[in-house]
Amino acid sequence: MSKCEQCIVREFSSLKALNKEELLKIADCKSSYTIKKGEAIFSEGENVNGIFCIKDGVCKLSKLSTNGNDQIVKLITKGELLGQRSMISDEPVNLTAIALEDMEVCFIPKAEIMGFFNENNKFSMDIMKAICGDLKEADDHLVNMAQKPVKQRLAETLIYLYDSFGIDTDNSLNIKLSREEIAGMVGTATESCIRLLSDFKKSGHIELSGKKIIITDISKLKRL
C-alpha cells in the first residue's frame, strides 16, 4: 500500500493541509483502483459518498446533452481530487468522469474526510477554496460559450491543452483526444471542429498527423 504522505495528490491538492496522523488514517481506510481507458470513475446521478484522489492518468468530466452530445466541462489530471462538491453538498454527482487513459485512483470515504473537515481548519478552508476555484472556472466557461465564436474557443482549447499537458517528443500535444472529444471541450459539432482544425492547418497555426495535433506557432494561436 502506497504511503499517503508521499503521494503526488497530497503535493497538489487540499490534502497537503493534513498532518501525518490524519494521513495514516487515510492510508488505513482508502481503497485503490486501476481504471482502464474508457471506463467511468463515476456516472452522473451516482451517490459517490467520498472523494477520489487521482494518482496517475487523465479523465474527462462531462455531461450528456439531450441531443446526445458529450459536453466536456473539464479535464482532471494526476494530483487532483474528484467529488469534493457533491460530498459537501450531500448530493449525487452532476457530471460523469471517464478515463481518457489508464488511471490509478484512490477512494477515501466521506466519513473520514468530514472528520478532518471538523477538526482541521486549514484543510476545510483549502477544500472551500478549491470549490470556489471550480465555480470561477464554471463562470468563465459559461461566458466563453455565450460570447466567443467557435474559432476563438478552439484556439483557447488548444492553448489550454498545450499549457496543461505539454508536447511529446514529436512536438505533438502530449494528450491524445479524438476530434469528438475536442469538439466536446469547445462546445461545437464534431464536423465544425474538424473543419476549423483544417483551417488552422492551412493558416500555419498547427500541423495534423493522423489524430495527432502539432502546435507550430503558439503565439499565432494566442493572437486568435
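What counts, and at which threshold
- Residues numbered from 1 in each chain as written.
- Predicted model: local features only at pLDDT ≥ 70, side-chain atom pairs only at ≥ 80, totals over all residues.
- Heavy atoms only, no water.
- Disulfide = S-S within 2.5 Å.
- Pairing = 2+ DSSP bridges.
- Helix = DSSP H or I, 4+ residues; strand = E, 2+ residues; numbered from the N terminus.
- Axes fitted to C-alpha atoms, helices over the stretch in contact; angles between N-to-C directions.
- Core = buried A, V, L, I, M, F, W, Y, C linked by side-chain atoms within 4.5 Å.
- Buried < 20%, exposed > 50% of the residue type's maximum accessible area, 1.4 Å probe, protein only.
- Domains from an automatic or database assignment.
- Contact = heavy atoms within 4.5 Å.
- Buried area = accessible area lost by both parts, 1.4 Å probe.
- Salt bridge = Lys/Arg side-chain N within 4 Å of Asp/Glu carboxyl O.
- Polar contact = N/O pair within 3.5 Å; in protein donor to acceptor, adjacent residues only side chain to side chain.
- Nonpolar A, V, L, I, M, F, W, Y, C, P; charged D, E, K, R; others polar.
- Phe/Tyr/Trp six-rings, centres within 6.5 Å; stacked < 30°, edge-to-face > 60°.
- UniProt positions renumbered as here; feature names shortened; annotations may be inferred.

Caption draft 1: Region of the structure containing the state of the cysteines. Evaluated as defined, the whole model comprises 0 disulfides. Cys106 supplies the cysteine sulfur nearest to Cys7, a cysteine that is in no disulfide, at a spacing of 6.3 Å.

Caption draft 2: How the structure looks around the sheet that holds strand β5 (residues 70-77). Taken in spatial order, the 4 strands line up as β2-β7-β4-β5 in an open sheet, and their pairing is antiparallel. Of all strands in the sheet, those with a lone pairing partner are β2 (40-42) and β5, marking the two edges. Averaged over all neighbouring strand pairs, the angle between strand axes comes to 30 degrees, with direction disregarded. Of the strand pairs in this sheet, strand β4 (residues 58-64) and β5 are connected by 7 bridges, and their pairing is antiparallel.

Caption draft 3: Inspection of the nonpolar core at higher detail. The biggest cluster of nonpolar side chains holds 25 residues, and the ones touching the most others in it are Leu75, Leu154, Leu158, Leu161, Ile175 and Ile213. Of all elements in the fold, only β5, α6 (150-165), α7 (179-186), α8 (190-202) and β10 (212-215) reach the threshold of two or more residues within this core. No other element matches α6, which puts 6 residues into this core. Of the residues that make up this core, three or more belong to each of domain 1 (4-146) and domain 2 (148-222). When residues no more than four places from it in sequence are discounted, the contact partners of Ile213 are Leu158, Asn171, Ser172, Leu173, Arg179, Ile182, Leu197, Ile206, Glu207 and Leu208. Of all hydrophobic cores here, the second largest spans 21 residues; its members include Cys7, Met87, Phe116 and Phe123.

Caption draft 4: Geometry of the domain arrangement of the protein. The assigned domain composition of the protein is domain 1 (4-146) and domain 2 (148-222). Between domain 1 and domain 2, the C-alpha centre-to-centre distance is 26 Å. Approximately 1,000 Å² of surface area, both sides summed, lies buried where domain 1 meets domain 2, with 58% of it carried by carbon and sulfur atoms. On the domain 1 side of the interface with domain 2, the three residues burying the most area are Ile72, Leu75 and Asn144, jointly 49% of the side's total. One salt bridge in this structure joins Lys60 and Glu181, with 3.6 Å as the shortest N-O distance. Inspection of the region where domain 1 meets domain 2 yields 4 residue pairs in polar contact (both at pLDDT 80 or more). Among the secondary structure elements, those contributing two or more residues to the side of domain 1 that touches domain 2 are β4, β5 and α5 (121-147). For the side of domain 1 that touches domain 2, the residue count by class is 7 nonpolar, 4 polar and 2 charged.

Caption draft 5: Expanded view of the sheet that holds strand β1 (residues 31-35). Strand order in the open sheet made by the 4 strands is β1-β8-β3-β6, with antiparallel pairing throughout. With partners counted over all chains shown, the strands left at the sheet margins are β1 and β6 (81-82), one partner each. Taken strand by strand, helix α4 (residues 110-119) contacts β3 (50-56) and β8 (103-109), and its axis lies near 65 degrees from that of β8.

Caption draft 6: The packing of aromatic side chains, seen in detail. Tallied over the entire structure, the rule returns 4 aromatic pairs. Measuring from centroid to centroid gives 5.9 Å for Phe42 and Phe52, while their planes differ by 40 degrees, and the two rings are tilted. Of the two residues, Phe42 is situated in strand β2 and Phe52 in strand β3; the sequence distance between them amounts to 10 residues. With respect to burial, Phe42 and Phe52 carry one shared label: buried. Pairing Phe116 with Phe123 gives two aromatic rings, centres 6.3 Å apart and planes at 85 degrees, and the pair type is edge-to-face. For Phe123, a relative accessible area of 0% puts it in the buried group. By way of ring pairs, the aromatic residues Phe42, Phe52 and Phe107 are connected into one cluster.

Caption draft 7: The UniProt feature "domain: Cyclic nucleotide-binding" (unreviewed entry) in the protein, seen in detail. When the UniProt feature table is mapped onto this chain, "domain: Cyclic nucleotide-binding" (unreviewed entry) is found at residues 14-110. Taken end to end, residues 14-110 is 18% helix and 44% strand, and its first and last C-alpha atoms sit 15 Å apart.

Caption draft 8: Spotlight on the pairing of β8. Across the 7 residues that make up β8, a large majority, 5, are buried. In this structure, β1 lies alongside β8, joined through 5 bridges in antiparallel fashion. Residue pairing across strands places Tyr33 opposite Val105, the latter belonging to β8. In terms of strand pairing, β3 meets β8 through 6 bridges, oriented antiparallel. Bridge pairing in β8 links Gly50 to Pro109.

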